Amino acid sequence: MTDDASPIRRTNTNVAESEKSKPLPVGNVVLSNRVFYLCMAIIGGTYVFLIVAMLLADTWYVAEKTIDAASDSAEPWKAMLSENPISIALSDSKIRYSIWLSLISCTLSAVLSVIVAVPIGYLLSRHDFPGKRLLDAILDIPIVLPPLVVGLSLLILFQFRPFAFIARDVVYQIPAVILAQFSVACAFAVRTMKSTFDHIDPRCEQVAIALGSSRSQAFGWVVLPEATHGLLTAFTLAWARSLGEFGPLLIFAGATRMKTEVLSTTVFLEMNVGDIEAAVAVSLIMVFGAVTVLVITRIWGTREALL
Amino acid sequence: MISMEKLCVKTGAFCLDNISFSIPTGAYAVLMGRTGSGKTTILECLIGLRKVSSGKILINDADVTMLNPALRGVGYVPQDGALFSQMSVRDHLAFALLIRRASKKIIKDRVDELASLLGITHLLDRTPPGLSGGEAQRVALGRALSFRPKVLCLDEPLSALDRETREQMCELLHHMRQQTKVTTLHVTHNPEEAETLADCVYRIEGGQVLEVKQIQ
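Residues numbered from 1 in each chain as written. Chains lettered and ligands numbered in written order. Predicted model: local features only at pLDDT ≥ 70, side-chain atom pairs only at ≥ 80, totals over all residues. Heavy atoms only, no water.

Asks: What exactly am I supposed to notice about the overall build of chain A here?
Replies: Along the backbone of chain A there are 15 helices and zero strands. For 307 residues, the compact-globule formula gives about 19 Å, and the C-alpha radius of gyration of chain A, at 30 Å, lies well above that figure. If one aligns the C-alpha atoms of chain A with their principal axes, the spans along those axes are about 110 × 70 × 45 Å. Contacts spanning at least 24 positions in sequence make up 72% of the contacts within chain A whose residues lie at least 6 apart. Looking at chain A as shown, the accessible area adds up to about 18,400 Å², and 69% of this sits on carbon and sulfur atoms. Distance between charge centroids for chain A: 8 Å, based on 23 positive and 25 negative side chains. (Helix = DSSP H or I, 4+ residues; strand = E, 2+ residues; numbered from the N terminus. Rg over C-alpha atoms; globule rule 2.2 N^0.38 Å. Contact = heavy atoms within 4.5 Å. Areas by Shrake-Rupley, 256 points an atom, 1.4 Å probe, with all protein chains shown as cover. Lys, Arg positive; Asp, Glu negative; His and termini not counted. Charge placed at Lys NZ, Arg CZ, Asp CG, Glu CD.)

Below you can see the structure in the form of structure tokens.
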């Protein structure tokens, strides 16, 4: 009996062992990968759809009003050109003023932001010093602070000396527009420049120094040319951020027409008086301005990379 | 002549203690050691990129321990070349001379001389992104030699190259050495490079530098 049973037991053991040593299946990887990318695409696509839909809604609204104006007019083609909400907005001298002020103030605040962001980003990226973590945290304050609080803090700051001496020429004047935009935009430029310098190999700078360069020569001849893309990105980001700035402007520079009115203020003022058509038209002008700056800097950046 | 006297360096948990050795003027010295043994640290101390805790570094009998790296007159070729991506090869060779405000004629002559010595005349108008590993190392070598340094430091310059290119570079380094007679410290972990190039070989082991091949 024992003799008969033992081969069967052995066979059973062998089967169990071969079952154990058999490689385990990994499941349907192909299907799993497809589901993974489908989920990624759906989640990401929802946000992209939201952005595009918002812009399309603005454009459609303006187009609808243009068609309405054309159908009510005896000369539809002429009306389409001259009586669409954007043309009406552009013919308004107050809006033209706000476009110019926006262009000038955004460019100035973006240039100032880059000028300030370069040394801060460089020092944070290359050197360790006491209080570095604190400085890093302070530089994030304008990003996390509610915009209205930035404006209010600026307003209060200009009540104290030495700022109080120039308060008459700054507060509720054009310099206040630039300062309010700069205060927030610069924080974004600093983040961009720090990350740019983090990605530039410090070895190049060390070689330049060993070749006889001073720190400033190594920075100007080697580091800065390598940071061109980062500079362009910082400028674009600061410019776009300045264009969208509203809260600090309202508190610190006011919303006086033909004085401290920029495009974001115009949208607010037009909405306040119930002129949604003008508000949407100005919004589209802002979209056009931001996209133009983005495209120009991207093309410039790509051309630099190709050369 | 390069001399290190009782050199101590501390970087975090890593420590090199009481390092002493000297390389005669005009010699080609190879410093060997395992990865993490501290050979690059010694090289960086000589260039001035790393602070020394105690001890002395002498170049041609002048104490350079606390001297700014820009004033030491040491040519440096890092492992990956570290070329300046926005500059042409010509600008690389002219860089150190432009810093020293040399005249246009001197710069042009020196650039042509180096380009011909290193066989990179056809690359002068190219930028680093288009160069092969061997070409990039030639440019890095030319850039380091351009200002006729007292000392040349090479940090594993051939480690990223294929066998054939490495052999060509070894020949080039040998030729360069005969032409320039510059005192050289070459750091590597490859015994073949030491065999081919070195006048004297040093090995770093257990935090100590031992001379394993003396100058003839």
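After that view, the rundown keeps rolling.
Asks: Explain the domain arrangement of chain A to me, please; I cannot follow it from the model alone.
Replies: Interfaces are frequently sized by the accessible area removed from exposure as the parts join. Residue and element names in this part refer to chain A. Domain boundaries in chain A define domain 1 (28–83) and domain 2 (86–306). Put simply, the middle of domain 1 and the middle of domain 2, counted by C-alpha atoms, are 29 Å apart. Taken together, the nine residues of domain 1 in the interface contact eight residues of domain 2. Between domain 1 and domain 2, a total of about 720 Å² is buried, with carbon and sulfur atoms accounting for 73% of that surface. The three residues of domain 1 that bury the most area against domain 2 are Asp 58, Tyr 61 and Val 62, which together make up 52% of that side's buried surface. Taken together, domain 1 and domain 2 are joined by zero salt bridges. Elements that contribute at least two residues to the side of domain 1 that touches domain 2 include exactly helix 2 (29–72) and helix 3 (76–82). The leading source of residues in the side of domain 1 that touches domain 2 is helix 2, at six residues. (Domains from an automatic or database assignment. Buried area = accessible area lost by both parts, 1.4 Å probe. Salt bridge = Lys/Arg side-chain N within 4 Å of Asp/Glu carboxyl O.)

Asks: Hey, could you run me through the packing of aromatic side chains in this one?
Replies: Two numbers describe a pair of aromatic rings. These are the distance of the centres and the angle of the planes. Residue and element names in this part refer to chain A. Applying the stated criterion across every chain yields a total of ten aromatic pairs over all chains. An angle of 50° between the planes, with centres 5.5 Å apart, marks the rings of Phe 158 and Phe 252 as tilted. With Phe 158 in the loop between helix 7 (147–157) and helix 8 (167–170) and Phe 252 in helix 13 (residues 247–252), the pair connects residues that are 94 residues apart, well separated along the chain. Taking relative accessible area as the criterion, Phe 158 reaches 6% and is therefore assigned buried. Centre to centre, the rings of Phe 197 and Phe 219 are 6.1 Å apart; their planes meet at 45°, and the pair counts as tilted. With Phe 197 in helix 9 (residues 174–199) and Phe 219 in helix 11 (residues 215–226), this pair connects stretches of sequence that are 22 residues apart. (Phe/Tyr/Trp six-rings, centres within 6.5 Å; stacked < 30°, edge-to-face > 60°. Buried < 20%, exposed > 50% of the residue type's maximum accessible area, 1.4 Å probe, protein only.)

Asks: For this particular structure, what's the right way to read the pattern of salt bridges?
Replies: Where side chains of opposite charge bring their charged atoms close, a pairing between them can arise. Residues and elements named next belong to chain B. Enumeration over the complete set of coordinates arrives at 20 salt bridges over all chains. In this structure, Asp 125 and Arg 90 form a salt bridge, with 3.2 Å as the shortest nitrogen-oxygen distance. Of the two residues, Asp 125 sits in the loop between helix 3 (104–118) and helix 4 (133–145) while Arg 90 sits in helix 2 (residues 89–99), which places them 35 residues apart along the sequence. The exposure class assigned to Asp 125 is exposed, which follows from its relative accessible area of 62%. With a closest N to O distance of 2.9 Å, Arg 177 and Asp 199 form a salt bridge.

Asks: Would you mind going over the interface of chain A and chain B with me for this structure?
Replies: Contacts between chain A and chain B engage 16 residues on the former and 23 residues on the latter. Summing both partners gives a buried area of about 1,700 Å² for chain A against chain B, and 66% of it is carried by carbon and sulfur. Broken down residue by residue, the surface that chain A buries against chain B is led by Arg203(A), Leu211(A) and Trp221(A), which jointly contribute 36%. On inspection of chain A and its partner chain B, the count reaches one salt bridge. Ionic pairing is found between Glu44(B) and Arg203(A), a salt bridge with its closest N-O pair at 3.0 Å. Scanning the region where chain A abuts chain B turns up four residue pairs in polar contact (both at pLDDT 80 or more). Listing elements by their share of the side of chain A that touches chain B, those giving two or more residues are helix 10 (202–210) and helix 11 of chain A. With seven residues, the single largest contributor to the side of chain A that touches chain B is helix 10 of chain A. Looking at the side of chain A that touches chain B residue by residue, the class counts come to nine nonpolar, four polar and three charged. (Polar contact = N/O pair within 3.5 Å; in protein donor to acceptor, adjacent residues only side chain to side chain. Nonpolar A, V, L, I, M, F, W, Y, C, P; charged D, E, K, R; others polar.)

Asks: Teacher, can you tell me more about the side chain of Thr184(B) here?
Replies: With respect to the helices, strands and loops of the structure, Thr184(B) is situated in strand 8 (residues 183–188). Sequence-distant contacts of Thr184(B), defined by excluding residues within four places in its chain, comprise Ile23(B), Ala27(B), Tyr28(B), Ala29(B), Leu152(B) and Leu154(B).

Asks: I would appreciate a short explanation of a nonpolar patch on the surface in the present structure.
Replies: All names here are of chain A. Taken together, the side chains of Tyr 47, Val 48, Leu 50, Ile 51, Val 52, Met 54, Leu 55 and Leu 56 present a nonpolar region at the surface, about 750 Å² in accessible area. Mapped onto the elements, Leu 50 comes out in helix 2. The exposure class of Leu 50 is partly exposed, given its relative accessible area of 48%. (Patch = residues over 30% accessible without salt bridge, like charges linked within 9 Å, V, L, I, M, F, W, Y side chains within 5 Å.)

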